[in-house]
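# A closer look at the structure
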Amino acid sequence: MTRSTTVRIALVLVLAATVACTTTKVTRVPTEETIDLSGRWNDSDSQQAAQALVDQSMATPWVDDYMMKHGDKPTVIIGTLRNKTPEHIAVKTLVADLERSFINSGRVTVVASAEEREEIRGEREDQQRFASDETVKAWGREQGADYILIGEINAQFDSEKGKEVKYYQVDSYLVDLETNVKVWTGFTKIKKFVGRSKYKP
Amino acid sequence: MSLMRRLGAGSTVIGLAAAVVVAAGCATYVASNVELRSMLETGAWQRALDRIDARQGGRDRLLELLQRGHVLHYAGRFEESNAAFQQAEDLAASLYTRSVSQHAASFIVNDLTIDYRGKPFELAMVPFYRAFNYLSLGDPDAAQVEARKATLALADAVEATIREIDRPEDREAARKLEDSGFLHWFSGLLFESEGEVNDAFIAYRNAARAYLGGTSLTGVPPPPALGRDLERTGLALGFVSEIDDLRTAAPTLFDTPPNGDAAPGGEVVFVLETGWIAPRDQLMLNVPILDIDRRYGSNEDWAWGLVDRTSSNWNRSTVDVNVKYWLTVAVPTMGTPEAGPVTAVHLSAAGRTVASEEADDLSRRAAATLEAERGQMLFKTFVRALVKYAATQAARKEDSTAGIIVNLLGVLTERADTRCWLTLPDRLSLARLHLPAGRHELRVDYLNASGQVIHSETEWVQIADGGWIFLNRRPFS
């Protein structure tokens, strides 16, 4: 091996090292754009599931039945959605998406969750001491919910040779808070195929 | 060629050889990192983290993340531990895609040129530690997610291992690594703690099957407490005939006296981690190249022939041949586990005392993993050795100095891949204490191999009816 060959090899190695260096590139994308990176449950799945469940719920007669009986919109509270999958799912995001979809439907009233109520009551308690008589809010005027939405997320994963099928099912139920009667049940499914390359350069 | 020209060319090649050797590293992974253990023994968490961070990058990134998550767990920095473990899981998933350039380099240099992808039993321990992290952070729902992940992680990692193996018999050996009685059992306990009795029963049943089928792999029989869990949850669900079937198939599983866990009260689950897992060591093997080896049609066939030559059944004296050359190769072998000073615990509270039961042997899992990988690993080692041998022979024909240098290069870069998660314990044991509701002073007696108490500690636990408390302890010294 000659010195010139060695120099050429060294140059190629330096060039390869330079090309191999990674740089961080950030691009802003529309929030409604679906971007799947790992195949795990993501923001798009959450929005899609929430919209599907609310659409199903609004297409059934329980709202009309309630309005005919009471002459007003039903009040709903979003309860617990249990994550029974082997993935960490931001359930709070799904709950927020459900609340938003229900509110935007214009057909139901949504009240604050148990956690949010604690904060609101703290603020109201604070008002009793520090707010003016004209602006202080009274105790005992909270609107009680007629129905609670509860549910769970289940998943089945099947994988072989770098290919994986992920099946998620979100089941939810609207339960009458006074009678425990389930007035509506619905579910939505999301199925994904995750393919991993066997090789990279 | 003049002597000066020879030396000139030689010095250039020596320079390249040195560069490759430097790139390949000097000491084995274990030798370079074993001091992490002494840092953990003295509770020097930050020093251990600094030590891990100092080596950041490179082909051992997964091990750095695993060990970082592990040290942070013991340091009580649970959120940071989860973050490191999440990074490790993401990286392990991405490493399913093999780098062609790394693999090509591994056929010339050694296996250390390939990103470490983690062994199945290592990756399966991540959800175990993450579950405890979430329990410590007061998030039992997230701990449930880890319980569901645990056995899936093991199966996925075994699948990735099998993909690397060619011989059916080695694949079959690898498939035996696919189950872990302990992980199923631990998952079942987490499910039951959250009232998921059906999921718990299924997990206990899988645990029983894994223990019964894997005793030869780990040497750990089904723990008596598992039988009680299976019976309690099965009968609660009305699965009487299924319990009877299991009792017929495995009577020893149910051959334990009741411990009063059906009485009102709550449960303490105490996981004891002891010792240090057996590390991988490097072994230098000398294997003969015979004058009849020209019969092999390809390097692959030749390499499998050399694999057979490492078997204790191979006897050279039965073959009338001459040794042409001795190939020296470096292969990983299992080191010795360290049992540690503590081998068991006694838990006492409210006038009751229970002893821990052995639940898993990670060192034996590590040994079984190496055994399953051994055939493929030896094959690849010999393919590489034959490439180096051919390069040496070709260089020697051109120039004797170049031949010596190429041979030297081959010898110096020959290193076994001894990378492993060094901070894992050798064994896991589990103690269960059923207590009436209320506040109790829990006493933990740590015992040595002779059964003598070498250390004790107490802590107050608040037991609710139907409540569960999970504790894990690692007595380092």
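Everything numeric in this text was worked out from a predicted model, so none of it was measured. (Residues numbered from 1 in each chain as written. Chains lettered and ligands numbered in written order. Predicted model: local features only at pLDDT ≥ 70, side-chain atom pairs only at ≥ 80, totals over all residues.)

### Here's the deal with the overall build of chain B
Counted only if it meets this: Secondary structure elements follow DSSP: runs of H or I no shorter than four residues count as helices, runs of E no shorter than two count as strands, and numbering proceeds from the N terminus. Partly exposed residues are those whose C-beta has more than 12 but fewer than 20 other C-beta atoms within 10 Å; 20 or more makes a residue buried and 12 or fewer makes it exposed, with C-beta atoms placed from the backbone. Residues are scored as being in contact if the C-beta atoms we place from backbone atoms lie within 7 Å.
The helix and strand tally for chain B stands at 17 helices and 11 strands. Along the first, second and third principal axes, the C-alpha set of chain B runs to 90 × 50 × 40 Å. In chain B, which comprises 477 residues, the share counted as buried stands at 44%. Taking as baseline every contact in chain B between residues at least 6 positions apart, the subset at least 24 positions apart corresponds to 77%.

### Digging into the overall build of chain A
The secondary structure content of chain A amounts to 5 helices and 6 strands. Overall, chain A shows an N-to-C arrangement of helices and strands of α-α-α-β-α-β-α-β-β-β-β. Counting only residues that meet the buried cut, chain A has 19% of its 201 residues in that class. Within chain A, contacts between residues separated by at least 24 positions form 67% of all contacts whose residues are at least 6 apart in sequence.

### Topic: the domain arrangement of chain B
Residue and element names in this part refer to chain B. What counts, and what does not: Where each domain begins and ends is defined by an automated method or by a domain database. Amino acid classes used here: Ala, Val, Leu, Ile, Met, Phe, Trp, Tyr, Cys and Pro are nonpolar; Asp, Glu, Lys and Arg are charged; the rest, including Gly, are polar.
Each assigned domain of chain B is listed with its residue range as follows: domain 1 (34-141) and domain 2 (165-258). If you look at the interface, domain 1 gives 6 residues, while domain 2 gives 6 residues. Sorting elements by how many residues they give to the side of domain 1 that touches domain 2 places helix H8 (residues 120-136) first, with 5 residues. When its residues are assigned to classes, the side of domain 1 that touches domain 2 shows 6 nonpolar, no polar and no charged.

### Let's talk about the nonpolar core
One recurring pattern in soluble globular proteins: nonpolar side chains tend to sit buried together. Heads up, the condition is: Any nonpolar core is a set of buried residues, restricted to Ala, Val, Leu, Ile, Met, Phe, Trp, Tyr and Cys, that join up through C-beta atoms within 7 Å.
The biggest cluster of nonpolar side chains holds 94 residues, and the ones touching the most others in it are Ala124, Tyr204 and Leu347 of chain B. Taken domain by domain, this core gets at least three of its residues from each of domain 1 (34-141) and domain 2 (165-258) of chain B. Look past the residues within four positions of Tyr204 of chain B in its chain and what remains in contact with it is Trp185, Gly188, Leu226, Asp229, Leu230 and Thr233 of chain B. Judged by nonpolar contacts, the second largest core, of 22 residues, contains Val54, Val76, Leu94 and Tyr168 of chain A.

### Looking at the packing of helix H9 (residues 140-163) of chain B against helix H11 (residues 181-193) of chain B
Residues and elements named next belong to chain B. Applied cut-off: To get an axis, fit a line to the C-alpha atoms, keeping to the stretch in contact for a helix; angles then go from 0 to 180 degrees between the N-to-C directions. In this scheme, roughly parallel covers angles under 35 degrees and roughly antiparallel covers those over 145, while 65 to 115 is roughly perpendicular and the rest are oblique. Crossing handedness is read from the near helix: turned anticlockwise from the far helix by less than a right angle, it gives a left-handed crossing, and turned clockwise, a right-handed one.
Interhelical geometry of H9 versus H11 gives an angle of 160° and a closest axis separation of 9 Å. On the basis of their axis angle, the class for H9 and H11 is roughly antiparallel. Seen from above, H9 lies across H11 with left-handed handedness. Between H9 and H11, the residues in contact are Ala143, Gln144, Ala147, Ala150, Thr151 and Leu154 and Leu183, His184, Ser187, Leu190 and Phe191, respectively. Taken together, the residues of the contact of H9 with H11 sort by class into 7 nonpolar, 4 polar and no charged.

### Side note on the sheet that holds strand S3 (residues 147-160) of chain A
Through backbone hydrogen bonds, the strands of a sheet pair up, either in parallel or in antiparallel fashion. Residues and elements named next belong to chain A. Condition: Two strands qualify as a pair provided that DSSP identifies no fewer than 2 bridges between them.
The 5 strands are arranged S2-S1-S3-S4-S5 in an open sheet whose pairing can be described as mixed. If you trace the sheet from one side to the other, it starts and ends with strand S2 (109-110) and strand S5 (182-195), each paired once. Strand direction decides the pairing type here: S3 and strand S4 (residues 163-176), joined by 14 bridges, are antiparallel. Along S4, the bridge assignment pairs Asn154 with Gln169. Relative to S5, helix H2 (residues 43-58) is tilted by about 150°, and along the sheet it contacts S4 and S5. Its contacts with the sheet place helix H4 (residues 91-105) against strand S1 (75-84), S2 and S3, and it is angled at close to 150° to S1.

### What about the sheet that holds strand S8 (residues 427-435) of chain B?
Residues and elements named next belong to chain B. Reading across from one edge, S7-S8-S2-S11 is the order of the 4 strands in this open sheet, with mixed pairing throughout. Whereas interior strands pair on both sides, the edge strands pair on one side only; in this sheet they are strand S7 (357-361) and strand S11 (468-473). Each neighbouring strand pair of the sheet contributes to a mean axis angle of 20°, computed without reference to strand direction. Two strands pair when backbone bridges link them, and strand S2 (residues 266-274) and S11 are joined in this way by 6 bridges, in the parallel orientation. Residue Val269 lies in a different strand from S11, and its bridge partner there is Phe470. H11 contacts S2, S7, S8 and S11 of the sheet and is inclined by roughly 125° relative to S7.

### Examining unusual backbone geometry
One non-glycine residue with positive phi stands out, namely Asn180 of chain A, at about 65°. Mapped onto the secondary structure, Asn180 of chain A falls in the loop between S4 and S5. Its 8 C-beta neighbours within 10 Å are what place Asn180 of chain A among the exposed residues. Positive phi is not limited to glycine here, since Ala350 of chain B has a value of about 50°. Within the element layout of this structure, Ala350 of chain B appears in the loop between strand S5 (344-349) and strand S6 (352-355). On the neighbour-count criterion, Ala350 of chain B (15 C-beta atoms within 10 Å) is partly exposed.

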